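Summary of structural features
Listed below, chain by chain, are the residues.
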Amino acid sequence: MMENALEDRDAVGVSDAVLLDDPNDTAAFIENLRKRFRGDLIYTYIGPVLISVNPYRNLPIYGLDYEKKYYNVNFIEVAPHVYGLTDNAYKQLREENRDQCILISGESGSGKTEASKWILRYIAAASKHIASVETTKEKLLQSNPVLEAFGNAQTNRNDNSSRFGKYMDIEFDFRGSPVGGHIINYLLEKSRVIYQAKGDRNFHIFYQMLAGVDESTLTKLKLQRSPVKYHYLNQGEVRTPGQDDAKQYQVVRDAMNTVGFGEDDQEEIFQIIAAILHLGQIDFKHEGNYAKVLSHDIVKIVAQLLGCSPDKLSKAFLHRTIEARGEFVTSPLTYEQCMYARDALAKAVYDRLFTWLVTKLNQSLEPDYDGKKTLMGILDIYGFEIFEKNSFEQFCINYCNEKLQQLFIELTLKSEQEEYRKEGIQWEDVDYFNNKVICDLVEEKHKGIIALMDEECLRPGDPTDFTMLEKMDRSLSTHPHYLSHKLANTSVRKSLTRDEFRLLHYAGEVTYKVHGFLDKNNDLLFRDLREAMTTSKQKILQTIFPASELNQKKRPATAATQFKTSLNQLMEILMSKEPSYIRCIKPNDFKKAGVFDLEIVGHQVKYLGLMENLRVRRAGFAYRRPYETFLLRYKSLCPQTWPHYDGPAERGVEIIMKHLGYNQDHFRMGKTKIFIRHAQTLFAIEDAFQERKKQLVSKIKAIWRGRRQRKEYLRMRFQVIFVQKYIKRFLAVRQFKKRKWASNVVRDFIKGFMARNADPCEANAKFLQFVRYRFLMKLSQSLPNVILRHDRLWPDSPPAARAASTLLCKMHRRQIVRKYVRGLSAERKRQLEMKYLAHELFKGKKATYEASVRNYFVDCRPDDVRNRIGMIETNIKNSGERLVYCTAVTKYDRHGYKPRERILTVSNAAVYLHDAKDMKLKHKIFLNELKGITITNMGDGLLVFRTPPENKQLKGDLIVNCPHVIEAVTKIIDTAAQNKSLLTIVPPGEVQHHLNGGKQGIIEIKKSDTDITAIAKKNGHLIVMTSC
Ligand SMILES: Nc1ncnc2c1ncn2[C@@H]1O[C@H](COP(=O)(O)OP(=O)(O)O)[C@@H](O)[C@H]1O
Ligand SMILES: [Mg+2]
């Protein structure tokens, strides 16, 4: 820390005041505190002592992050903090088994109690989280709200001022876990129960109870909500409470539950608190020389709440019984005495209740652990107080602070100087004000103020505060730190009234009013009231007012003496432990954040002896560090020690200092530490270090970046390889599987191939399937699209697909045909029908058939005939027939075979022959009369119409030569109802034809070399010659 913060010392001051230039310059010291305060740095060190300036507002410096930051570190390496100091003490406790104590001092409102709470909190957080100690921790933490409710009050200076001294021991087991605790309380300011100065309140608990309890409890306790109603609560006239009482009430009740107060206890506690409030309302009236109770009802309520008899209580208020030489004498009280008795009871009950609470807390914190315990004490005790009117309480408090200052001197200033001696450093003692003389003034046996006060208290006769003052004046007249009106010189006397005395405390002058000193010291509660209390049925009251008390012969010690005794015990406790100091400073008197009042701080700096502290720390040597620490930090400044130095640290440090050019004037070598005389020297070293650090940082950065890049590269490489490995594996597995599959397929294929001709079986099933598949695929690509030669074009099929192939072939052909047929026009269909008919009639039977196939049949031959036969067509139509066919032919007479040119016409009913020239009808044969048609199987055009002999008109069969005999015959047979039996085809040879009157002619059909027919008449036959 310290060295780290050296960097920005201008902005936020130095974190250790020993680094300031001039240890005598108070202004610079305070300025440093102020700079830091402005930057919210409320903590500063003077060596190991922590200075804390109250920020009066919550700073974000106590969270978990801070708890972690300070855990187990070297406290000088981190910024000053109460956690740092605590951690250091806690570490020593754990590691060296040494009891510790943390002494927190400072004025009221300077932040002591808060500091003590942070300490406790840090310990709870830093210690191991073991189930068995969690409850202890919780109880330790929760004891605070309870104690604060009953022992703290709102004052002018502090909204939560501790009105009692508190020393708390936390007990640790061998592991450093808190296992228990013990609290010692010191001198509760009980006068506050009955009286509060302007701006002050009574103890918190009264207000908390009134604000927080529910209606029914309030009624049961016979209370009213408003605190203004109660005499004991309204004297300070505080209008705005510094805390939320109702909320706090709940916090306190929760805490009570945690630390182990039973329901009964809590009920009784609040009954007692209520009873005290009612006590303040009791009034008396004068009756002659004596007094009478005015408010009997209230006495009844009090008695009821305290569990005692109202009569007895009434009586006790009005009487006083004194035991003198074994006899009891009771006498009535005056009005003033009654009021005194009433208040005394209130104070006594509250005070004892408070002590009982502490006892109860201690029972609850009692460790359950038998082993050796180490202790950490935290002392949070009231700070030095200077009020306008200072009374007995301030006297005690300030005395306490004198004692603590003494302890501080003993342990800090003295020990500092001892360190030099121990380290063998030549040393001249520094002067500091030793306040032992004031402690003696107060506590010295027989001569001190307390002794004198006690003496006066016990003196027979009528001692008063004034007789006490006289006595002190007599005895202390020469004491340099004591002053009174009587002893003062004229100039000072003005500032003192006759009922005052003044002590010159180490922290300043305080003027005390003697009024009430004796009473308070006597701390008297009349026997009658004590007796009344001992009869209570309440458990708590029975405990705090034990009956045995009445029988005690010996007078109890006075309040001051008791306090002195307990303080001295405390000093012993503290002396036996390793101390750490927190010096609290409040920056202003108004509980305000951000205000740093130089005068007020200056005053505290003075009386806390901080400058002396600093001077001793600094005298000659501003800075010291163990050799190891110093070497570790600055070894980079010298090539011989960087990066490693193997020799002894001391030697290493010396080498560095020499290297930097320093000599005996600048530093000294102690036994374990180096002592540097001036802060400037350290700063120079530090600056050099910062410079060096920058260089090193950039070097380290470069190397580190390189390493990081390489690391990143290696990481990526590793990842890539990793991924690659998996992918390779994946691919390899996949390929292997593929190969295996493939080899199986190939093997199966070969097996299938070998068994391809066997009956279908498992071995060839797949193969055949494949073959079929292949065939079908091939087929789909190569289907023939013609009907002719369809079978031949159909691809060959393997045996396995043969059946399917055959079926498919058939189906396909049909399909083509079907498609073809569907696509035919009516005319073409007709044409084909005729061709088919011709096929049936002539295929293989007539030589010219093949040649005729490729020519379409026509209706008229040659074409021009049609133009000529208009008449014939008309006649046919007129006789109700339809012209089917006409062609030019040659007709041979039946006698002499003379050729004549004729037109052959076919209607749906008859065949006609007309003269080709004049178109006269020559013959008409009704189709139904036609007996037959004869042709040859040769290439000739001979065509013989067989006529019925009974039709004389026809004069026998008609012989014609028709150039397109196939066409003509087909047309005729088609028209004659396709009666194929009409046709007769004859081979070459002789064919007869009938003539009228049963006669016959012969037609000779001959094959000859010379082509085509010639009609020759020879032996009366018609000769037909044909070359084919
Ligand atoms: N470290 C702190 N952070 C924030 N506020 C603080 C701190 N210390 C003290 N205070 C404020 O100052 C008030 C008085 O502190 P306290 O510890 O009660 O004083 P002391 O015990 O010295 O009389 C607290 O109630 C709180 O408001
Ligand atoms: Mg306090």
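The protein has the name Myosin-IB in an unreviewed UniProt entry, where Folsomia candida is given as its organism. The annotation that UniProt attaches to the protein under Sequence similarities (unreviewed entry) is "Belongs to the TRAFAC class myosin-kinesin ATPase superfamily. Myosin family."

Quick notes on a nonpolar patch on the surface
On the surface, a cluster of nonpolar side chains totalling about 780 Å² of accessible area is made up of Val-746, Phe-749, Ile-750, Phe-753, Met-754, Phe-770, Tyr-773 and Met-777. Elements with a minimum of two residues in the nonpolar patch: helix H31 (679–754) and helix H32 (762–781). With five residues, H31 is the largest single contributor of residues to the nonpolar patch. For Val-746, the position within the fold is in helix H31.

Thoughts on the packing of aromatic side chains
Scanning all chains against the criterion turns up 31 aromatic pairs. Residues Tyr-66 and Tyr-70 carry aromatic rings whose centres are separated by 6.4 Å and whose planes lie at 20 degrees to one another, so their mutual orientation is stacked. With a gap of four residues between them, Tyr-66 and Tyr-70 both fall in helix H4 (residues 64–70), about one helical turn apart. Ring geometry for Phe-384 versus Tyr-506: centroids 6.1 Å apart, planes at 70 degrees, classification edge-to-face. Of this pair, Phe-384 sits in the loop between strand E12 (374–380) and helix H17 (392–423) while Tyr-506 sits in the loop between strand E14 (500–505) and strand E15 (508–513), placing them 122 residues apart in sequence. On the basis of relative accessibility, which here comes to 3%, the residue Phe-384 falls in the buried class.

Details of the sheet that holds strand E7 (residues 178–186)
In space, the seven strands of this open sheet follow the order E1-E2-E16-E3-E12-E6-E7, with mixed pairing throughout. Two strands lie at the open edges of the sheet, namely strand E1 (43–46) and E7, each paired on one side alone. Sheet twist, expressed as the average angle between the axes of neighbouring strands with direction ignored, equals 20 degrees. Looking at chain direction, strand E6 (residues 165–172) and E7 are connected through eight bridges and run antiparallel. Paired with Phe-172 across the strands is Pro-178, a residue of E7.

What counts and how
Residues numbered from 1 in each chain as written. Chains lettered and ligands numbered in written order. Predicted model: local features only at pLDDT ≥ 70, side-chain atom pairs only at ≥ 80, totals over all residues. Heavy atoms only, no water. UniProt positions renumbered as here; feature names shortened; annotations may be inferred. Patch = residues over 30% accessible without salt bridge, like charges linked within 9 Å, V, L, I, M, F, W, Y side chains within 5 Å. Areas by Shrake-Rupley, 256 points an atom, 1.4 Å probe, with all protein chains shown as cover. Salt bridge = Lys/Arg side-chain N within 4 Å of Asp/Glu carboxyl O. Helix = DSSP H or I, 4+ residues; strand = E, 2+ residues; numbered from the N terminus. Phe/Tyr/Trp six-rings, centres within 6.5 Å; stacked < 30°, edge-to-face > 60°. Buried < 20%, exposed > 50% of the residue type's maximum accessible area, 1.4 Å probe, protein only. Pairing = 2+ DSSP bridges. Axes fitted to C-alpha atoms, helices over the stretch in contact; angles between N-to-C directions.

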